[in-house]
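Here is how the chains run, residue by residue.
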Amino acid sequence: MPRTVMPGDTITREARRAGDNVLLDGDTLVSTAVGIVNVSDDTVSVIPLSGKYMPRADDLVVGMVISHTSQAWELDINAPYVGFLLATDVFGRDFASHADELTSKLALGDLVAARVANFDRTRDPLITIDDRDLGKIDSGELVKMAPGKVSSLIGRQGSMIQAIETATDAAVTIGQNGWAAVSCESADGLLRAKRAIGVIDQWAYSPGLMDRVKSALGHGGG
Amino acid sequence: MGTVSILDGLKRKLVADSVASGRRADGRALDEMRELVVETGVVPKAEGSARVRLGRTEVVTGVKVNPDRPFPDTGDRGTFICTAEIPPLAHPDAEAGPPSEAVIELARVVDRGIRESHMLDMSQLVIKRDVSVVGVFTDNAVMDDGGNLFDACSYASVAAILSCKLPVWEMAEDAPRLVEGQRRDPPITTVPVSVTMGRIGNHIVVDPSLEEWMCLDARLTITTNSEGNICALQKGGREGFTPEQLNSCAETAISVGARVRPKLEAARRAG
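Keep in mind it's a predicted model, so treat the numbers as computed, not measured.

K.L.:
Mind showing me how you'd approach the sheet that holds strand S12 (residues 230-236) of chain B here?
P.N.:
Paired through their backbone hydrogen bonds, the strands of a sheet run either parallel or antiparallel. All names here are of chain B. Pairing in this open sheet of four strands is antiparallel, and the strands run S10-S9-S11-S12 from one edge to the other. Looking at which strands have only one partner, the edges of the open sheet turn out to be strand S10 (203-206) and S12. Here the average twist between neighbouring strands, direction ignored, is 20°. The pairing of strand S9 (residues 193-200) with strand S11 (residues 218-224) spans seven bridges and is classified as antiparallel. Paired with Val195 across the strands is Ile222, a residue of S11. Those strands touched by helix H3 (residues 149-163) are S9 and S11, and its axis lies near 175° from that of S9.

See the structure below:
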């Protein structure tokens, strides 16, 4: 059973490193968020149950174009920072800001599957779509969930998302930022997949999650 | 300057595709309103009040009635003022502070529908001609912006006015004096109903939801009175309507208005 903590709760006095959302106060590790305690190797971190996404290099994210300059698009990646996608990434090295119109490739509101190229908190995160399976998302629907619950949606070695995709014939692109693009040939499959993701967002880290998801996937309609 | 929500491209496509197929994303027919729930008497200190839920949109409206100085050119009529407010709790894009252009338009469209339908017989709201008249103030507070605030605020205002009880004043030494214990029904002549329609592509939808609202090419609010006559119009959005579309909007406003009117009239009996 995972351990839930509130901000200010003492997690442990053992000699361990403070990870995300954890402070070292004297010899005590204290949580700064509402979430689940996670211990890996010698580091203690808290996975928050809500809140924004904190970018990390190499994360796959789903972003939405909210603006652009002459050199780059600005993406909403559900983070406190705006993601920057450079025009050269999309147009190639021949990009010329006076000749190429950015909106011809990506317009306001367009969704992209992308990767965080680098981020160090001193500058806004740089986003890239220069990789296999990355780029504009043309079909499906955007589903939002808490970023801290993405790992539950994926499951152990992708078991949860595989179960959803197999049961509904849907294709799900999951961003670490809590945004997922769900596309499916049948409206019923789409509905069931969305419902299953909603169940995971609500019941992640609770016992019997898989049973709840299975019943959400079970039948269409109501 | 706050942020303005952008609807993602996929949702925009979904809304447009579903409207083109004749069945909207939320399952409604094109000329179908969302569920309308009207409650009255929700603000005990106001002379009249109403809470209206139109789908996810929720508005609370209060009517205050006070003696007022008449306008110099209309000394034989009472005054009517309608305001609107969208507090930050109603929508992520709503900001505290001076009202935005959209909020001013909202208040004016609601005001115009009630004023131009002559819902209230203003000539009966005079305490002493050219000296003192009755002022009716209708304040709309949006609790939740789920799209189509025009109609929700209009229904809430109309229901609040229908349900209100007016205090009675008499003149004493050139100043109005409240007559204790006396109340009267407002001088209602008609029940205006506003119907807002939006154009998405070549299709007209009635009572756009928030997502549809963000996709509208153009919108049109038509207010009709109890006789089914059009008494106010407001067109918004960057694009326009064809003459045929305008005619069909007018007919829709009359037929949908006739379906909504009994729900508002129930407020009169409840009040």
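Having seen the model, we can carry on.
K.L.:
When you look at H3 of chain B in this model, what are you seeing that I'm missing?
P.N.:
In an α-helix, one turn spans 3.6 residues, which is why side chains three or four residues apart end up on the same side. Over its 15 residues, H3 of chain B runs 21 Å from end to end, which matches the ideal 21 Å to within 8%, given 1.5 Å per residue. In terms of burial, H3 of chain B is a largely internal element, 15 of the 15 residues being buried.

K.L.:
What should I look at first to understand the interface of chain A and chain B in this one?
P.N.:
Where the parts come together, the accessible area they lose is often given as the size of the interface. Listed as interface residues are ten residues of chain A and, on the opposing side, eight residues of chain B. Those elements that place two or more of their residues in the side of chain A that touches chain B are strand S8 (60-68) and strand S14 (141-144) of chain A. Split by residue class, the side of chain A that touches chain B holds six nonpolar, two polar and two charged.

K.L.:
Explanation requested: unusual backbone geometry in the structure shown.
P.N.:
The phi angle of most residues is negative, glycine excepted, and most peptide bonds adopt the trans form. Residues and elements named next belong to chain B. The backbone of Asp130 sits at a positive phi, close to 65°, despite the residue not being glycine. Relative to the helices and strands, Asp130 is located in the loop between strand S5 (126-128) and strand S6 (132-144). A tally of 12 C-beta atoms within 10 Å means that Asp130 is categorised as exposed. Even without glycine at this site, Glu173 takes up a positive phi of about 50°. Relative to the helices and strands, Glu173 is located in the loop between strand S7 (166-172) and strand S8 (175-184). Looking at Glu173, the number of C-beta atoms within 10 Å reads 5, which means it is exposed.

K.L.:
It is not clear to me how the environment of Thr28 of chain A should be interpreted in this structure. Could you clarify?
P.N.:
Residue and element names in this part refer to chain A. Along the polypeptide, Thr28 turns up in strand S5 (residues 28-31). Judged by the 12 C-beta atoms lying within 10 Å of it, Thr28 falls in the exposed class. A C-alpha to C-alpha distance of 8.6 Å links Thr28 and Ala15, two positions 13 residues apart in sequence. Sequence-distant contacts of Thr28, defined by excluding residues within four places in its chain, comprise Thr10 and Arg13.

K.L.:
Please clarify how the nonpolar core should be interpreted in this entry.
P.N.:
Inside soluble globular proteins, nonpolar side chains tend to come together where they are buried. Membership of the largest hydrophobic core comes to 59 residues, with the highest contact counts inside it found for Val52, Val110, Cys153, Ala156, Ala159 and Leu264 of chain B. Top element by residues in this core is H3 of chain B. It accounts for eleven residues. Excluding residues that lie within four positions of it along the chain, Leu264 of chain B makes contacts with Val38, Tyr155, Val158, Ala159, Leu162, Val191 and Val193 of chain B. Counting residues in each nonpolar core, the second largest holds 50 residues, with Trp73, Phe84, Ala87 and Ala170 of chain A among its members.

K.L.:
Got a minute to help me understand the pairing of S5 of chain A in this structure?
P.N.:
The side chains of a regular strand alternate between both faces of the sheet. All names here are of chain A. Burial along S5 is one-sided: the face carrying Leu29 and Ser31 is buried and the face carrying Thr28 and Val30 is not. Sheet analysis places strand S2 (residues 10-12) next to S5, joined by two bridges and oriented antiparallel. Residue Thr12 lies in a different strand from S5, and its bridge partner there is Leu29. Here strand S4 (residues 22-25) pairs with S5 via four bridges, running antiparallel.

K.L.:
Can you walk me through the packing of helix H4 (residues 187-203) of chain A against helix H5 (residues 209-218) of chain A in this structure?
P.N.:
Relative placement of two packed helices is described by the angle separating their axes and the distance separating the axes. Residue and element names in this part refer to chain A. Running from amino to carboxyl end, H4 crosses H5 at an angle of 155°, the nearest separation of the two axes being 8 Å. As summarised for this structure, H4 and H5 are arranged roughly antiparallel, according to the angle between their axes. Crossing of H4 over H5 shows right-handed handedness. Only Leu209, Arg212, Val213, Ala216 and Leu217 of H5 make contact with H4, whose side of the interface consists of Arg192, Arg195, Ala196, Val199, Ile200 and Trp203. Residue composition of the contact of H4 with H5, by class: eight nonpolar, no polar and three charged.

K.L.:
Just checking my understanding: could you explain the sheet that holds strand S15 (residues 171-174) of chain A for this structure?
P.N.:
Residue and element names in this part refer to chain A. If you trace the three strands from one edge of the open sheet to the other, you get S14-S16-S15, paired in antiparallel fashion. Here the strands that pair on one side only, and so sit at the sheet edges, are S14 and S15. When the angles between neighbouring strand axes are averaged without regard to direction, this sheet yields 25°. Here S15 pairs with strand S16 (residues 179-183) via four bridges, running antiparallel. Bridged to Thr173 within S16 is Ala181.

K.L.:
Explain the pairing of S7 of chain B to me, please; I cannot follow it from the model alone.
P.N.:
All names here are of chain B. Where S7 meets S8, six bridges bridge the pair, whose relative direction is antiparallel. By the bridge assignment, Ala172 is partnered in S8 with Ala175. What sits between S7 and S8 in their antiparallel hairpin is a turn of two residues, with Glu173 showing a positive phi close to 50°.

K.L.:
I keep staring at the domain arrangement of chain A and nothing clicks. Help me out?
P.N.:
Residue and element names in this part refer to chain A. What the domain assignment reports for chain A is domain 1 (4-48), domain 2 (60-136) and domain 3 (141-218). Summarising the inter-unit geometry, the C-alpha centres of domain 2 and domain 3 are found 26 Å apart. With eight residues of domain 2 at the interface, the matching set in domain 3 holds ten residues. Within the residue set of the side of domain 2 that touches domain 3, elements represented by two or more residues are S8 and strand S11 (111-118). Of the residues that constitute the side of domain 2 that touches domain 3, the class distribution is seven nonpolar, one polar and no charged.

Thresholds, definitions, all that
- Residues numbered from 1 in each chain as written.
- Chains lettered and ligands numbered in written order.
- Predicted model: local features only at pLDDT ≥ 70, side-chain atom pairs only at ≥ 80, totals over all residues.
- Pairing = 2+ DSSP bridges.
- Helix = DSSP H or I, 4+ residues; strand = E, 2+ residues; numbered from the N terminus.
- Axes fitted to C-alpha atoms, helices over the stretch in contact; angles between N-to-C directions.
- Contact = placed C-beta atoms within 7 Å.
- Expected span 1.5 Å × (residues − 1).
- Buried ≥ 20, exposed ≤ 12 C-beta atoms within 10 Å, placed from the backbone.
- Nonpolar A, V, L, I, M, F, W, Y, C, P; charged D, E, K, R; others polar.
- Core = buried A, V, L, I, M, F, W, Y, C linked by C-beta atoms within 7 Å.
- Parallel < 35°, antiparallel > 145°, perpendicular 65-115°, else oblique.
- Left-handed = near helix turned anticlockwise from the far one by under 90°.
- Domains from an automatic or database assignment.

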